[in-house]
Amino acid sequence: MHQQATGRRRFLLSMGALGAAGMASCAQTDSRSGAAIAYDPKAGFELEVNEVEYRRTPKGRALMARIYRPRGAGPFPVVLDLHGGAWNTKDRMAEQPMDRAIASSGALVVAIDLTLAPESPYPANVQDANFAVRWLKSKARQWGGDPVTLGVYGSSSGGHVAELLGMRPTDARYNAIALEGAPNVDAVVSYVATRSPISDTFARYQNAEQRKRASLIKSSRTYFNPWETVHEANPQEILERREKAMLVPLLVMQGALDDNLLPAVQERFVNTYRTAGGKVSYSVFENSIHDWVQEPSPQTTRAQEMVKAFIAEQLAARRRTSTTDLIRSS
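I will try to describe carefully the structure that is included in this document. Just so we're clear, the structure is a prediction, and the values are computed from it rather than from any experiment. (Residues numbered from 1 in each chain as written. Predicted model: local features only at pLDDT ≥ 70, side-chain atom pairs only at ≥ 80, totals over all residues. Heavy atoms only, no water.)

A separate point is the sheet that holds strand 7 (residues 250–255). Strands sit in the order 1-2-4-3-5-6-7-8 across an open sheet of eight strands; the sheet is mixed. The open sheet has two free edges, formed respectively by strand 1 (47–56) and strand 8 (280–285), since each of these has just one partner strand. When strand polarity is set aside, the average angle formed by the axes of neighbouring strands in this sheet is 15°. Sheet strands in contact with helix 2 (residues 96–104) are strand 1, strand 2 (62–70), strand 3 (78–82), strand 4 (108–112), strand 5 (151–155) and strand 7, and its direction is about 40° off that of strand 2. (Pairing = 2+ DSSP bridges. Helix = DSSP H or I, 4+ residues; strand = E, 2+ residues; numbered from the N terminus. Axes fitted to C-alpha atoms, helices over the stretch in contact; angles between N-to-C directions. Contact = heavy atoms within 4.5 Å.)

Counting across every chain of the model gives 15 aromatic pairs. Each ring, one from Tyr122 and one from Tyr223, has its centre 6.0 Å from the other, and the planes form 70°; the classification is edge-to-face. Taken together, the residues Tyr122 in the loop between strand 4 and helix 3 (124–139) and Tyr223 in helix 6 (residues 214–223) connect sequence positions 101 residues apart. For the pair Tyr122 and Tyr223, one class covers both residues: buried. In textbook terms, an aromatic cluster arises when at least three aromatic residues are bridged by ring pairs, as seen for Trp87, Tyr122, Tyr174, Tyr205, Tyr223, Phe224 and Trp227. (Phe/Tyr/Trp six-rings, centres within 6.5 Å; stacked < 30°, edge-to-face > 60°. Buried < 20%, exposed > 50% of the residue type's maximum accessible area, 1.4 Å probe, protein only.)

Now for the pairing of strand 2. Here strand 2 lies mainly inside the structure; seven of its nine residues are buried. The sheet contact formed by strand 1 and strand 2 spans nine bridges and is antiparallel. Across the sheet, residue Arg56 finds its bridge partner in strand 2, namely Ala62.

Before going further, it helps to spend a moment on helix 5 (residues 201–210). Those residues of helix 5 that sit buried are Thr201, Ala203, Arg204, Tyr205, Asn207 and Ala208. Lining the buried residues of helix 5 we find helix 4 (157–167), helix 6, helix 7 (229–232) and helix 9 (263–275). Where helix 5 starts, the residue carrying a side-chain oxygen 3.3 Å from the main-chain nitrogen of Phe202 turns out to be Asp200. Lys212 sits one or two residues past helix 5 and shows a positive phi near 55°. (Polar contact = N/O pair within 3.5 Å; in protein donor to acceptor, adjacent residues only side chain to side chain.)

On to the side chain of Asn125. Tracing the chain through its elements places Asn125 in helix 3. For Asn125, a relative accessible area of 3% puts it in the buried group. There is a polar contact of 2.7 Å between the side chain of Asn125 and the side chain of Tyr223.

Here the focus is the environment of Pro123. With respect to the helices, strands and loops of the structure, Pro123 is situated in the loop between strand 4 and helix 3. On the basis of relative accessible area, Pro123 is assigned to the partly exposed category, the value being 21%. Once the C-alpha coordinates of Pro123 and Asn225 are considered, the two residues, 102 residues apart in sequence, prove to be 9.5 Å apart.

Rendered as structure tokens:
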């Protein structure tokens, strides 16, 4: 029993050290930023919306990035949006209301297409997202954004990908796509904000089986191929296996009526993340199903405001860390 407790303490210390190293790295980058980010989540900006191709899949499909750029001097904080769709469907257009809401408050938001499972299974879409983090860092300044502030917003299966990005930014499998012209740009993100994330991929599959939801069963089987990857790529199990992971600040928004990934499963992940040493802001939305933000409603507005407030909180924490480091070095 004593050995188990000692092992657990060593695990938590290693996780904390890894997270601290990540924050220290971010603080050093901030000191080179040259401009402070003034972000007001209540602000209102007009937007310019453009699209560019950011890469092509091995089968030749163009993956597009939709850029929501505030009309203003900047620099603006940067948010990468990863769409849901059970890893098998949807594209960069899936979260337009949320993307516009965040961007209108004064953030450069870039929503991207991801490789779909019928084209290529896991980890193809995580590789896309990892590449997109590095690509966006290299491009952000020309669009008025500050790359050192980059965070990720992910919905449903996009939330699963976002959690993997946050936890495994240096994973060699995820970093497999080289970024031409910027080989030293890393995939570390400042935070991860999620709505209905698939934080336990195997529990989600078991729930689909129990409810006889053929489409969700097929989606999981198509994406996790070979099937064993449903465990290897499971954020809940990554923590339970005590793998080294970077525990960036995390926002989880969960619908109380979500019968896709049950609230009890989400709460278990949140508690596990906290036990491992990570910071999580967790909110349950009453009378809300899995995709509640797709329609205008008070709960949709609440979700949008919560994401903006979370971004503001992370930027404020970053400024405090940067200021403290400057004082210590002077």
